[in-house]
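Tertiary structure, described
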Amino acid sequence: MTARTHRDAYGIPHLRADDPLELARAQGRNAAADRAWQIEVERHRARGTSAAFLGADALGWDVFARRARLADTARRCYEALAPATAAWVRAYVDGVNGGLAEHGHRAPEFAAAGTAPGHWEPWTPLSVWLSHHVLFAGFPTKLWRDRVARTLGEEHTELFATDGPGTAGSNGWLIAGERTASGAALIAGDPHRFIEDPGIYQQIRLACPEFDVIGLAVPGVPGIGHFGHTGGVAWAITNAMADYQDLYRERLRRTDGPDGPGVEALGPDGWRPAAVHRETVEVAGAGPVEIEIVETARGPVITGGPDGTDGGGEALSLRCLPRVDAELGFDALPALLRARTVADVDRALDHWIEPVNVVQAADTAGGLLHRVAGAVPDRPRANSLRPVPAWEAEHAWRGRRPMPRAEVHGTAVMANQRGLAAPLGVEFAPPHRADRIAELLAAPVAWTAADTAVVHMDTHLASAAPLLDLLASLEGLGPAAEKLRDRLLVWDRRMAADSADAARFAELRSAVVRRFAAEPALAGLTGPSPYPDPFLPWLALLPRIAYALETLLAEDRLPGVDRAALVRAAAEETAAAEDTGRTWGATHRLAPWQALPGVDGGSDDAWPGLAGDHDCVLSTSSVPGFTDRSARGSAARYVWDLADRDNSRWVVPFGASGLPGHPHRRDQLPLWLSGGLVPVTTDWTRLTEEP
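Residues numbered from 1 in each chain as written. Predicted model: local features only at pLDDT ≥ 70, side-chain atom pairs only at ≥ 80, totals over all residues. Heavy atoms only, no water.

**Considerations on the overall build of the chain**
For the chain, the count of helices and strands is 23 helices and 25 strands. Overall size of the chain, expressed as C-alpha extent along the three principal axes, is 80 × 75 × 50 Å. Of all 691 residues assigned to the chain, the portion counted as buried reaches 62%. Of the contacts made within the chain by residues no fewer than 6 positions apart, 69% connect residues no fewer than 24 positions apart. (Helix = DSSP H or I, 4+ residues; strand = E, 2+ residues; numbered from the N terminus. Buried < 20%, exposed > 50% of the residue type's maximum accessible area, 1.4 Å probe, protein only. Contact = heavy atoms within 4.5 Å.)

**A word on the pairing of strand 4 (residues 186–194)**
Burial analysis of strand 4 places 8 of its 9 residues in the buried class, which makes it a mostly covered element. Of the strand pairs in this sheet, strand 3 (residues 169–175) and strand 4 are connected by 7 bridges, and their pairing is antiparallel. Bridge pairing in strand 4 links G172 to G189. As judged from the 4 bridges shared by strand 4 and strand 22 (residues 637–641), these two strands associate in the antiparallel manner. From the neighbouring strand, A188 faces strand 22, where its bridge partner is V639. Strand direction decides the pairing type here: strand 4 and strand 21 (residues 627–634), joined by 3 bridges, are antiparallel. The partner of R193 across the bridge, within strand 21, is G633. (Pairing = 2+ DSSP bridges.)

**Focus on the nonpolar core**
L126, F330, V345 and W650 are the most contacted members of the largest nonpolar core, which has 129 residues in total. Among the nonpolar cores identified, the runner-up in size contains 65 residues, and A464, L470, L566 and A571 belong to it. (Core = buried A, V, L, I, M, F, W, Y, C linked by side-chain atoms within 4.5 Å.)

**A few points about the packing of aromatic side chains**
Remark: the centre distance and the inter-plane angle together describe each pair of aromatic rings, the angle taken between the planes. Under the counting rule described, the total for this entry stands at 15 aromatic pairs. Geometrically, the ring pair formed by W144 and F160 is edge-to-face, given 5.4 Å between the ring centres and 75° between the ring planes. A residue pair is termed long-range when its members are at least 10 positions apart, and W144 in helix 8 (residues 140–152) and F160 in the loop between helix 8 and strand 3 qualify at 16 residues. Each member of the pair, W144 as well as F160, is classed as buried. Members of the aromatic cluster, connected to one another through ring pairs, are Y201, F227, Y638, W640 and W650. Over the aromatic face of W593 sits the side chain of R45, whose NZ or CZ is 5.7 Å from the ring centroid. (Phe/Tyr/Trp six-rings, centres within 6.5 Å; stacked < 30°, edge-to-face > 60°. Lys NZ or Arg CZ within 6 Å of the ring centre and 35° of its normal.)

**Concerning the pattern of salt bridges**
Tallied over the full model, the rule gives 55 salt bridges. The salt bridge involving R278 is made with E290; its shortest N-O contact spans 2.7 Å. Placement of R278 in strand 12 (residues 270–281) and of E290 in strand 13 (residues 289–295) is noted, with a sequence separation of 12 residues between them. On the basis of relative accessible area, E290 is assigned to the exposed category, the value being 51%. When salt bridges that share partners are traced, they join R69, D72, R75, R76, E295 and R323 into one network. (Salt bridge = Lys/Arg side-chain N within 4 Å of Asp/Glu carboxyl O.)

**Considerations on the side chain of E196**
If you trace the backbone, E196 turns up in the loop between strand 4 and strand 5 (202–208). Buried within the structure, E196 lacks any salt-bridge partner; its nearest side chain of opposite charge belongs to R193, at an N-O separation of 5.9 Å. Not counting chain neighbours up to four residues away, the residues in contact with E196 comprise E42, H132, W593 and F654. (Lys, Arg positive; Asp, Glu negative; His and termini not counted.)

**A word on the layout of surface pockets**
Reported here for the largest pocket is a volume of approximately 1,600 Å³. Taken together, 43 residues form the lining of the largest pocket, with R45, F194, P534, P537 and W593 sitting closest to its centre. Broken down by secondary-structure element, the contributors of at least two residues to the lining of the largest pocket are helix 1 (20–47), helix 3 (59–67), helix 7 (124–133), strand 4, helix 19 (536–539), helix 20 (541–554), strand 20 (621–623) and strand 21. Looking at which element gives the most residues to the lining of the largest pocket, the answer is strand 21, with 5 residues. Tallied by class, the residues present in the lining of the largest pocket amount to 25 nonpolar, 10 polar and 8 charged. In this structure, the second largest pocket occupies an estimated 470 Å³ of space. Considering every element that reaches the lining of the second largest pocket, the biggest residue donor is helix 1, with 5 residues. Per-class residue counts for the lining of the second largest pocket are 5 nonpolar, 8 polar and 8 charged. (1 Å grid on protein atoms, 1.4 Å probe; cavity = no way out; pocket = protein on both sides within 12 Å on 5 of 7 lines; lining within 4 Å. Points joined across faces, edges and corners; volume = space filled by probe spheres on them. Nonpolar A, V, L, I, M, F, W, Y, C, P; charged D, E, K, R; others polar.)

**Some details on the confidence of the model for the chain**
This prediction gives the chain a mean pLDDT of 94; 97% of its residues lie at or above 70. Taken together, the stretch residues 309–313 has pLDDT below 50 and engages in 7 contacts with residues farther than four places along the chain or on a different chain. (pLDDT = per-residue confidence, 0-100.)

**Notes on the sheet that holds strand 16 (residues 357–363)**
Strand order across the open sheet formed by 9 strands is 17-16-8-7-6-5-2-1-25, with mixed pairing between neighbours. Two strands close off the open sheet at either side, each with one partner strand: strand 17 (368–373) and strand 25 (688–689). Where strand 6 (residues 211–217) and strand 7 (residues 227–229) come together, 3 bridges link them in antiparallel fashion. Across the sheet, residue I214 finds its bridge partner in strand 7, namely H229. In the packing of helix 12 (residues 342–349) onto the sheet, the strands contacted are strand 8 (233–239), strand 16 and strand 17, and the crossing angle to strand 17 comes to about 5°. (Axes fitted to C-alpha atoms, helices over the stretch in contact; angles between N-to-C directions.)

**Some words on unusual backbone geometry**
Residue P198 is bonded to the preceding D197 through a cis peptide linkage, with omega at 0°. Counting through the fold element by element, P198 comes out in the loop between strand 4 and strand 5. Cis geometry is adopted by the peptide bond preceding P355, which originates at E354 and carries an omega value of 0°. Inspection of the secondary structure assignment puts P355 in the loop between helix 12 and strand 16. Of note, N416 is a non-glycine position whose phi angle comes to about 65°, a positive value.

**Considering the sheet that holds strand 14 (residues 301–303)**
An order of 14-15-9-18 is seen for the 4 strands of this open sheet, with the pairing classed as mixed. Only two strands of the sheet have a single partner each, and these edge strands are strand 14 and strand 18 (388–389). When strand 9 (residues 245–250) meets strand 15 (residues 315–320), the two strands line up antiparallel, connected through 6 bridges. Across the sheet, E250 pairs through a bridge with A315, a residue of strand 15. Of the strands in this sheet, strand 9 and strand 15 touch helix 8, which is tilted by about 55° from strand 9.

Structure representation (structure tokens):
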């Protein structure tokens, strides 16, 4: 049998072949057939060549990708793979190249952008993975903390610590068999990422005589890494919120030696040569940009340089394990496909490197797993807080930290909270999502896969409490503000899309955020950032206040800021504005990222309104005080049933196809909005084979 592609009623691909290599080629061909434009954009982003057809808006990312050496790191990691894994990745790439040649012309975005499908190298899938996840640990937060410490004082370094707007999170929960109707475990959840159109996750099935796996793949990357069900065992992850990348303050100087001009960096052992070369970034609609690439013994210099340093500026290098040890974790991917038990999953994930994840797994024999997977360097805490001096030996890495694990008793919840992975990180999500999921799971219910929608779609906003408590304490409000206060104090604190009360609360919250940002005590944190554009989500004052508002209102930590007066003024401002009766969903609308907007037609206002909020289990993040539009939310939802894989369910925000106008481009969007899930179908006789 040659490789075959079957589809279910939602166009989800089910691939089968005679052996794993042929199946990998089939997965690559399918990625090119269904997602040609998407995977080619990601290839260019990883190489730092996307501005050549996307224009100046993509230049900041391209410069960062090149200076961070993403493509070269991917090459190194590929060359260090086990031979069998390397052959498997090459087979996938062969499939991608064949599929692009055969199907790439069907994607109209290429013609619209004036480009054409290109050629994938064997290491390209590793570079795509790196590009997707290089910012997952949120290392730009160290730049923000440094600015806070310099501006407000060392005691305020972690004042804004919270789950920031650029951080990827997730919900996940495991229900052991004693709590389910079937007596077998359930695993459910949803990864929270920036919503991309087409989506970052692809529903897929990979089957050959050695394994048969359903799961969520990343287009452009072989296998099923984060969420999968082999029939015998299922697994899922959330972001562990670990800190595993460091920024070093570098002192650089130019030299003129016998081999020509060069650059030296000051390290613990004195001045040492740094690697240096120049590259040119092409930009559509503008002239090319030449950049200098410098790499010290710590890592690639991602901002600044020798000239800037001499002039009083700063150079920063990024140190990360894939660059240091030429390991990314891809050897775990084929092992996961072959897993039959939680012990198999556990062993496979011992090879995982980056990003660092909390993992839950269960098997049909009753085995349960709850652990952290990945690699975190052992080094001083100062490295985790701020950029540290490259020339001080105390900031060197000293091996790797042990990965925590825990037993599962009845249920286990992971929602980026300060829990299992607490020893490995600095900033974690507030406990609200985790606490709410645990509260819902405590109900005396014999859980089934169908019941999980109650959890997935919960909109209770516990983080509203500090603002509402301050509002309740205010006296002497004007009549309109008093009416607003009384209304919000009886609100059920649910961010439902059809709730006008939720909309009024959001208006008040935004007014509070803006007034906080205007406080003179924080004036030193405003103004333009000297750092690259991709870091801006971590470095702007208003988003940092928006996501730390609960802490800022609950604790009197900023001298000179009268919290009650600030809330009072915001309440009067909100009450004075016309109450149009609009609902939360009227302004809290989906705002997905598209590399080339407009090919499908329509406008931003055509995207639907959403329920939920950043700290709800239904986590749909906007930036209070700036916009109600939501660019981040559930990139997929899933429930894996260990009693019967066909009882499992899943959904993505859009659909199986990335082709504009295709019947399956956005056919799952209504289900995603309502909390519905697509049934998993594994019976080949109920699938349609493609010719």
